[in-house]
Amino acid sequence: MAMILDGKETAAALKEELVLRLAKLREKHYEPKLAIILAGSSKPSAMYASFMQKVAKGYGIDAEIFRASDAVTEEELGSLVTDLSADQEITGILMMMPLPKGIRAEKMIALMNPDKDVDGLTETNAGRLTAGKAGLFACTPRAVMAILDHYKIPIDGKKAVIIGRSNVIGKPVSLMLLSKNATVTICHSHTKDIASITREADILVAAVGHANYVIADMVKEGATVIDVGINRVDGKTVGDVDYEAVAAKAGAITPVPGGVGSVTTTMVIENIIAAGEKLAK
Ligand code: NAP
């Protein structure tokens, strides 16, 4: 039976480090502040905004929600993003997605100061990641890396296979694994005979968005399986991996819930602190 890679345990260990880094920041008389942009009336976005405000406050980080209506124009929202980007009091900006109809997310993201982009959405941060430079990177891929690091899963020289190539998960996690010297293969909806590729993986990351996509037959005995998926099936949250069958074969596995998702918000806080450390210099 596989070792369970516990996201909550990883997050708790990271929290201890983050609290120390926050204390150092405050010694420099820098007080971080998060701006959360909530445009439109999406209920899940409103819930996530309040949740992130609560998480930030749990660290003693001030977090303000900046609301805009469904009728907001690109000009209005754009000037809010521009103002927050320039505001000396703001350390990080989180923009709830999706944005209201008619607002181009790309255009809003392009207006964001990359050094306050705590979701790692800007092209500048994507470029920094590709170039192997420091920056603020997407939080879910970083949560994957944090779990591997916490459980000391060897990456150097290992074969990593990622299923999914989205800009928010598949691509960044591939680059992060590559930067740790894994040999990386990315699979997607056009990949032929995926199972023959995934069976080679020492580390298999599933970021597909289909429940039970990864079955035991696709997994090498003893592999580390990281399940990024979040799917609702019969009122329950499940990942992309057929958990019971795969756990019986893998060496280590993340559960859903209680895996990657439990670390993602911690990485948002880490990005706020990292942004603060850069601004406080
Ligand atoms: P996405 O943008 O829909 O990307 C899914 C990827 O999977 C695409 O690259 C797609 O290939 C590939 N794919 C789809 N069907 C496939 C198939 N049958 N065979 C092989 N590849 C296939 O999704 P995402 O935003 O990356 O999210 C992935 C999952 O992570 C979702 O379940 C999402 O809810 C979850 N998620 C989790 C967290 C967390 O904190 N744990 C955070 C965000 C999202 P193409 O590129 O060819 O279309």
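Computed from a prediction, not measured in an experiment: that's the story for all the values here.

K.L.:
What am I meant to see in the packing of helix α2 (residues 43-58) against helix α10 (residues 261-280) here?
P.N.:
Geometrically, a packed helix pair is captured by the angle between its two axes and the distance between the axes. Contact pair α2 / α10: the axes reach a minimum separation of 11 Å and the direction vectors enclose 60°. The way α2 lies across α10 gives a crossing that is right-handed. Of the residues in α10, those touching α2 at Tyr48, Phe51, Met52, Val55 and Ala56 are Thr265, Val268 and Ile269. Of the residues belonging to the contact of α2 with α10, the class tally is seven nonpolar, one polar and no charged.

K.L.:
What's the story with the site of the ligand in this structure? I'm lost.
P.N.:
In the vicinity of the ligand lie 23 residues, with Arg165, Ser166, Ser189, Tyr213 and Thr264 positioned nearest. Separating an oxygen atom of the ligand from a side-chain N or O atom of serine 166 is a distance of 2.5 Å. If the ligand stood free it would expose 930 Å²; the protein chains cover 68% of that surface. Looking at the shell around the ligand residue by residue, the classes come out as ten nonpolar, twelve polar and one charged.

K.L.:
What should I look at first to understand unusual backbone geometry in this one?
P.N.:
Leaving glycine aside, a negative phi is the common case for residues, and trans is the common case for peptide bonds. Between methionine 97 and proline 98 the backbone carries a cis peptide bond, its omega angle lying at 0°. Within the secondary structure, proline 98 is located in the loop between β4 (92-95) and α4 (105-110). Notably, lysine 152 is not glycine yet its phi reads approximately 50°, a positive angle. Mapping lysine 152 onto the fold places it in the loop between α6 (139-150) and β5 (159-163). Unlike most non-glycine residues, asparagine 181 shows phi in positive territory, near 70°. Structurally, asparagine 181 is set in the loop between α7 (170-179) and β6 (183-187). On the basis of relative accessible area, asparagine 181 is assigned to the partly exposed category, the value being 45%.

K.L.:
What is the right way to look at helix α3 (residues 74-86) in this model?
P.N.:
Relative to the 18 Å expected for 13 residues at 1.5 Å per residue, α3 spans 18 Å between its end C-alpha atoms, a close match to the ideal helical length. When α3 is considered as a whole, its buried residues turn out to be Glu74, Leu77, Gly78, Leu80, Val81, Leu84 and Ser85. Projection of α3 onto a plane perpendicular to its axis shows the buried side chains occupying an angular sector of 155°, all on one side. α3 presents Glu75, Asp83 and Ala86 as exposed residues on the side facing more than 90 degrees away from its buried surface. Buried residues along α3 sit against β2 (33-39), β3 (62-68), β4 and α4.

K.L.:
When you look at the sheet that holds β3 in this model, what are you seeing that I'm missing?
P.N.:
In a beta sheet, neighbouring strands pair by backbone hydrogen bonds and run either parallel or antiparallel. Strand order across the open sheet formed by three strands is β3-β2-β4, with parallel pairing between neighbours. Edge positions in the sheet fall to β3 and β4, since each has one partner strand and no second. Across the sheet, the axes of successive neighbouring strands diverge by a mean angle of 20°, strand direction being ignored. Bridge count for β2 against β3 is seven bridges, and the pairing is parallel. Note on β3: the bridge partner recorded for leucine 34 is alanine 63.

K.L.:
What is the right way to read the environment of methionine 145 from this model?
P.N.:
You can see methionine 145 is positioned in helix α6. Its relative accessible area of 12% is what places methionine 145 among the buried residues. Put simply, methionine 145 and isoleucine 226 are 81 residues apart on the chain and 9.9 Å apart in space, counted from C-alpha to C-alpha.

K.L.:
Whenever I open this one, the pattern of salt bridges confuses me. Can you help?
P.N.:
Should the charged atoms of two oppositely charged side chains come close, the side chains can pair. Overall, the coordinates contain 13 salt bridges when judged by the stated rule. The residue lysine 33 makes a salt bridge to aspartate 62 at a minimum N-O spacing of 4.0 Å. Here lysine 33 is found in strand β2, whereas its partner aspartate 62 is found in strand β3, with 29 residues between them in sequence. In this structure lysine 33 comes out as buried when scored by relative accessible area, which is 13%.

K.L.:
Is there a simple way to explain the layout of surface pockets in this structure?
P.N.:
Empty space within the second largest pocket amounts to approximately 530 Å³. As for the second largest pocket, its lining consists of 21 residues, of which Arg142, Met145, Ala146, Asp149 and Lys180 are closest to the centre. A total of six residues in the lining of the second largest pocket trace back to one element, the largest contributor, which is α6. Across the lining of the second largest pocket, the residue classes break down as twelve nonpolar, two polar and seven charged.

Here is what the cut-offs are and how they apply
Residues numbered from 1 in each chain as written. Predicted model: local features only at pLDDT ≥ 70, side-chain atom pairs only at ≥ 80, totals over all residues. Heavy atoms only, no water. Axes fitted to C-alpha atoms, helices over the stretch in contact; angles between N-to-C directions. Helix = DSSP H or I, 4+ residues; strand = E, 2+ residues; numbered from the N terminus. Left-handed = near helix turned anticlockwise from the far one by under 90°. Contact = heavy atoms within 4.5 Å. Nonpolar A, V, L, I, M, F, W, Y, C, P; charged D, E, K, R; others polar. Near = heavy atom within 4 Å. Polar contact = N/O pair within 3.5 Å; in protein donor to acceptor, adjacent residues only side chain to side chain. Areas by Shrake-Rupley, 256 points an atom, 1.4 Å probe, with all protein chains shown as cover. Buried < 20%, exposed > 50% of the residue type's maximum accessible area, 1.4 Å probe, protein only. Expected span 1.5 Å × (residues − 1). Arc of directions from axis to C-beta. Pairing = 2+ DSSP bridges. Salt bridge = Lys/Arg side-chain N within 4 Å of Asp/Glu carboxyl O. 1 Å grid on protein atoms, 1.4 Å probe; cavity = no way out; pocket = protein on both sides within 12 Å on 5 of 7 lines; lining within 4 Å. Points joined across faces, edges and corners; volume = space filled by probe spheres on them.

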